[in-house]
Amino acid sequence: MPFVITDPCIGTKDTACVDVCPVDCIHPKKDEAEFEQATMLYIHPEECIDCGACVPACPVTAIYDSHDATPSSQKDLIPANTVYRLGDADAMAKAEAIVAAHVAAHTDLMAIDPKERQAAHT
Ligand code: SF4
Ligand code: SF4
């Protein structure tokens, strides 16, 4: 069951998780062309080995350790993690559209500082 990045990454996107991931499955990275365009980062569900290293590294507790553990307010971001593929513009557009819809549907969460947002997940 892959790990999932959720909305506290929006507005943070500091890549601390990238630095600790042993299998390089979190993208886009700072040196990748899609980084500036990406609203948040995504975990490749088939490459993630469930090691857990990214969870304590994230300064805003954006990462959940499974689909089941992902709160209902964040489950719409699971497919964003699932569809994103580095270097695939169509996949990038699909992932970003999912994130944009999430932002539009959760103005309450977006109004909260990213550091406090995870505590408001329901
Ligand atoms: S759980 Fe491990 S392998 Fe999966 S994204 Fe986090 S650091 Fe990478
Ligand atoms: S460490 Fe957390 S906030 Fe930073 S890029 Fe990774 S998921 Fe996003």
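Parameters at a glance
Every chain is numbered independently, its residues counted from 1 as its sequence is written. Labels are handed out in written order, letters beginning with A for the chains and numbers beginning with 1 for the ligands. This being a predicted model, a pLDDT of at least 70 is required before a residue's local features are given, and a value of 80 or more before pairs of side-chain atoms are given or counted; all residues contribute to the totals for chains, interfaces and linings. Excluding hydrogens and water, the side-chain values take into account all heavy atoms of the structure. Each helix is a run of DSSP H or I of at least 4 residues and each strand a run of E of at least 2, with the numbering of both proceeding from the N terminus. With a 1.4 Å probe rolled over the protein chains alone, any residue whose accessible area is under 20% of its type maximum counts as buried; one over 50% counts as exposed, and the rest are partly exposed. The nonpolar core is taken to be a set of buried Ala, Val, Leu, Ile, Met, Phe, Trp, Tyr and Cys residues, with the residues joined through side-chain atoms within 4.5 Å. Residues count as neighbours in contact if any of their non-hydrogen atoms are within 4.5 Å of one another.

1. Overview of the environment of Lys30
By the element assignment, Lys30 lies in the loop between β2 (26-27) and β3 (42-43). Taking relative accessible area as the criterion, Lys30 reaches 56% and is therefore assigned exposed. The spacing of Lys30 and Val18 is 12 residues in sequence and 9.3 Å in space, taken between C-alpha atoms.

2. Things to note about the nonpolar core
Counting residues in each nonpolar core, the largest one holds 29 residues, and the members touching the most others are Ile5, Ile26, Met40, Leu41, Ile43 and Ile63. A total of three residues in this core trace back to one element, the largest contributor, which is helix α4 (residues 89-105). If we ignore the near neighbours within four places in the chain, the residues touching Ile5 are Ile26, Met40, Leu41, Tyr42, Ile43, Ala62, Ile63, Leu77 and Asn81.

Treat this as a map of the structure, not an account of what it does.
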